[in-house]
Structure formats: C-alpha cells, structure tokens
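Overview (structure and organization)
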Amino acid sequence: MTTIVHVVGARPNYMKIAPLMEALAAYPFRQVLVNTGQHYDDMMSRAFVRELCLPTPNYDLGIGSASHAMQTARVMIEFERVCLAEQPDLVVVVGDVNSTLAASLVAAKLLVPVSHVEAGLRSRDRTMPEEINRIVTDRLADVLLAPSQDAVDNLLAEGESPQKIRLVGNIMIDSLLRHLPMATLARVQDRVAVSDRAYAVLTLHRPSNVDSPETLRRILDGVLKIADDMPVVFPVHPRTRQRLSELGANHSHGGLLLTEPLGYVDFLSLTSHARLILTDSGGLQEESTVLGIPCLTLRENTERPITVTNGTNQVVGTATADILAAYRRVPEVAEHPDRPPLWDGKTAGRIARVLSEVLST
Ligand code: UD1
C-alpha cells in the first residue's frame, strides 16, 4: 500500500498537518505520523496533537533542544531509521523549522519524494534560521505547495520548474476556520480578565528579538507604554521566559499580563477577540489577516508580504518609537476582512488531490 510519512516537530507544525491527514484519510493511503520532539513541553507539542485530533504519532523521536547543528543532525539520524523501516512513497514536511529541513535532507538522500507544504516563502534575511530551512527544503522538494502567488513567484525566480509548483492556499487557515466557532473569550477569561476588543495580544520568540537584551528591552518599553492604554496579554514562549528572567521582567506588570503558552483553541480565543496583535511570529501575521485584527510585526522584514498587501499586517521593526508611532495609527478591527485568494479553509482538500495525482503517476 502507498505510504505517506508526515513530519511534525515544533508548535507551528501541528495545525498544518492535522487537516491534511484528515483530508488524505479519504484516499487509499497508509499514513504514518512522526513527531520529532523538537518541542517537548506539553503545551508546545502533545496538547496540540490532542486538541487538533491528530492521531497518536507512530514515532516520537524525542529530539529536544540543542544547537542548530545538533538538533538537525539528531532528527536526521532518527528519521533515517524511520524511513528505512517504513519505506515511504512520499514524505510530507511543513513550514520552516529545523525538523522540516532535517527530514527533507534524509528523504532526498534516500530518493524518497518530498512534498513541502508552505513552499516559496522568503524573507530574504539569511540571519533567520528559518530562511535557510525554507531555501534548502524547497531546493530538495519534489512537490512545492505554495500558499500564495508571491511564493509561486519566488520559486519561479529561483529557477524551480513550474510543473513542481502548485498554488494551493494556506492550510493553517483550514485549522483556524474550523476551530473559530469554539474560540469564545469565556474560555480564557478565568486566566486573563479582559473584555472583548479592549486588549492587545503579544507574542515574541525570535532569537533576534529575545536573545539580545537591548532589543528585548526596546520592545518591552514600547509594549509597556501600550499597556498603559489597554491590557496587553503575553503568553510567553519557553525561550522568552528564560530571557525575561535574565532581565528581571518575568512577571506581570501594570497592564502587561504574562501567561504560560496557551493551547490552540485558547490562543485563538484570545487573538480572535483582541483589538490588536503585536508579534514576531509568522503564523500569527497570517491568522490576524484572516481575523481582520490589526497586526504590528516586531521585525525588520516578513516572509509573508501578502499579509501586508492583502491583510492587516504592518512590519514596524523593534525600535520603541516606531512601535508607538504605528500603535497610534492602528486602524479599527475589520469585521468582514478580505482574505488572500485560496485562504478559504479548503487547502487540505486541494493538497490531498495534488498528492493523490502525484502518487498515481
Ligand atoms: C522553533 C522554530 C521557529 C518556530 C518556533 C515556534 C527553528 C529553527 N525554529 O523556534 O521557526 O517559529 O519553534 O515556537 O526550528 N524550549 C522549551 N520547551 C519546548 C521547546 C523549546 O523549554 O518544548 C526552550 C528550550 O530552552 C530551547 C528553546 O526553547 O532551547 C528554543 O527552542 P527551539 O526549538 O530550538 O526553537 P524555538 O525558538 O522554539
């Protein structure tokens, strides 16, 4: 029987694989789920498997945290064993994390076709580890599943053959639209006492932002000013938690309300009722666009420019004055936002059709 191996490893992967595995269940394929364990805290990994109704992973590689080289190498060593045991006809990788890169390298060298969901995004900033992961994964992949036309254009400009590229839309929006009806503010109000459209949500985890005490301080100075106006809820990533402790800023202060990382639906509850989102996450730029909530991206660039041209995103950088200037001009929440083409909740079905076509040729 045709075997497809799916790879997840870090928090932003689970919501991309869940709808795809479900859509592929209608086809006569054997599906194997591999969790690399790049993320391992319950709220960063297993909680997402449960909540998104992913099957229990067939393999838990237990890789954990390490330097980039070590983490990538460990995934490669363990994932090679999985591929040799399972003899897959196709490996599906998603996004741009180290597990994505590692699994692609292993599959390509074993001559197993690779399909990359979220192909073609580019920030053109090679100081971001994710940019390296995107470029290498796309170079190795046989099926390039692009979320937006700009991603298709990037791949063509890099010389990829048009036959390998399919514009399928954004699969993360499948998960978002499916879970939105259960994302009520009441779910989170026991932990953060906020009212509808009267608070901001902040997330920060990029090494360039949180590993530099000066940059982290500049961002926090801006955020604390905003928190004088309206509460800012800040679910803290484990990497950021360590850095905040080093600055002595690891506790709620005035209007800045720190929480543990939240589960998928709880976090969606929080974001979908917010007045404003401040973030350095890629996925959240896309989610806020679909939700119509203004998003200030605390980075110098984005690999998701469509969220600026067709969405609610503004790339504002990390200078305190720039954050506050953008905050003063923030537009209203759009109650009926326009979505980029094919961000319609039906991407998983389109990908399943493409993969079935590819596997039958
Ligand atoms: C990784 C991805 C990033 C993604 C992010 C989402 C890469 C290069 N980076 O970054 O693209 O946006 O996940 O969260 O793949 N830690 C824990 N528990 C965990 C996971 C991490 O405590 O479950 C701590 C560890 O101290 C670890 C640090 O967070 O060293 C960073 O984790 P890591 O997986 O290396 O990178 P992220 O910053 O999470």
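Anything mentioned here points back to the structure above.
Residues numbered from 1 in each chain as written. Predicted model: local features only at pLDDT ≥ 70, side-chain atom pairs only at ≥ 80, totals over all residues. Heavy atoms only, no water.

Overview of the site of the ligand
In the region of the ligand, 19 residues are neighbours, and His 39, Asn 98, Glu 130, His 205 and Arg 239 sit closest. Ser 65 places a side-chain nitrogen or oxygen 3.5 Å from an oxygen atom of the ligand. Asn 98 has a polar backbone atom sitting 2.8 Å from an oxygen atom of the ligand. Bound to the protein, the ligand loses 87% of the 750 Å² it would expose on its own. Within the residue set of the shell around the ligand, elements represented by two or more residues are α3 (68-86) and α11 (238-247). With 3 residues, α11 is the single largest residue contributor to the shell around the ligand. By residue class, the composition of the shell around the ligand is 5 nonpolar, 9 polar and 5 charged. (Near = heavy atom within 4 Å. Polar contact = N/O pair within 3.5 Å; in protein donor to acceptor, adjacent residues only side chain to side chain. Areas by Shrake-Rupley, 256 points an atom, 1.4 Å probe, with all protein chains shown as cover. Helix = DSSP H or I, 4+ residues; strand = E, 2+ residues; numbered from the N terminus. Nonpolar A, V, L, I, M, F, W, Y, C, P; charged D, E, K, R; others polar.)

Some words on the pattern of salt bridges
Opposite charge on two side chains permits them to pair, given that their charged atoms come into close proximity. Scanning the model with the defined rule gives 30 salt bridges in all. The salt bridge involving Arg 50 is made with Asp 42; its shortest N-O contact spans 2.9 Å. Accessibility expressed as a relative area gives 36% for Asp 42, which makes it partly exposed. For the salt bridge of Arg 166 with Glu 357, the shortest nitrogen-to-oxygen distance reads 2.7 Å. (Salt bridge = Lys/Arg side-chain N within 4 Å of Asp/Glu carboxyl O. Buried < 20%, exposed > 50% of the residue type's maximum accessible area, 1.4 Å probe, protein only.)

Brief notes about the packing of α3 against helix α4 (residues 98-109)
α4 packs onto α3 with a crossing angle of 45° between their chain directions and a minimal axis gap of 8 Å. It follows that α3 is oblique to α4 by the angle criterion. The way α3 lies across α4 gives a crossing that is right-handed. Residues His 68, Gln 71, Thr 72, Val 75, Met 76, Phe 79, Glu 80 and Cys 83 of α3 form the contact with α4, whose participating residues are Asn 98, Ser 99, Leu 101, Ala 102, Ala 103, Leu 105 and Val 106. Residue composition of the contact of α3 with α4, grouped by class: 9 nonpolar, 5 polar and 1 charged. (Axes fitted to C-alpha atoms, helices over the stretch in contact; angles between N-to-C directions. Parallel < 35°, antiparallel > 145°, perpendicular 65-115°, else oblique. Left-handed = near helix turned anticlockwise from the far one by under 90°. Contact = heavy atoms within 4.5 Å.)

Focus on the sheet that holds strand β10 (residues 256-259)
Pairing between the strands of a sheet comes from backbone hydrogen bonds, and it takes one of two forms, parallel or antiparallel. A sheet is described by the order of its strands in space; here 6 strands give the open sequence β10-β9-β8-β11-β12-β13, paired in parallel fashion. If you trace the sheet from one side to the other, it starts and ends with β10 and β13 (313-315), each paired once. For this sheet, the mean inter-axis angle between neighbouring strands, taken without regard to orientation, is 20°. Judged from the 3 bridges that link them, strand β12 (residues 295-297) and β13 form a sheet pairing that is parallel. Its bridge partner lying in β13, Cys 295 is registered against Asn 313. (Pairing = 2+ DSSP bridges.)

Some remarks on the pairing of strand β5 (residues 114-117)
The side-chain alternation of β5 yields two buried faces, one formed by Val 114 and His 116 and the other by Ser 115 and Val 117. Looking at chain direction, strand β4 (residues 90-94) and β5 are connected through 4 bridges and run parallel. Paired with Val 93 across the strands is His 116, a residue of β5. Here 3 bridges tie β5 to strand β6 (residues 143-146), and the two strands are oriented parallel to one another. Bridging from a neighbouring strand, Ser 115 pairs with Val 143 of β6. Chirality of the crossover, the property in question, places the unit of β5, helix α5 (residues 129-140) and β6 among those that are right-handed. (Right-handed = clockwise from strand over helix to strand, strands pointing away.)

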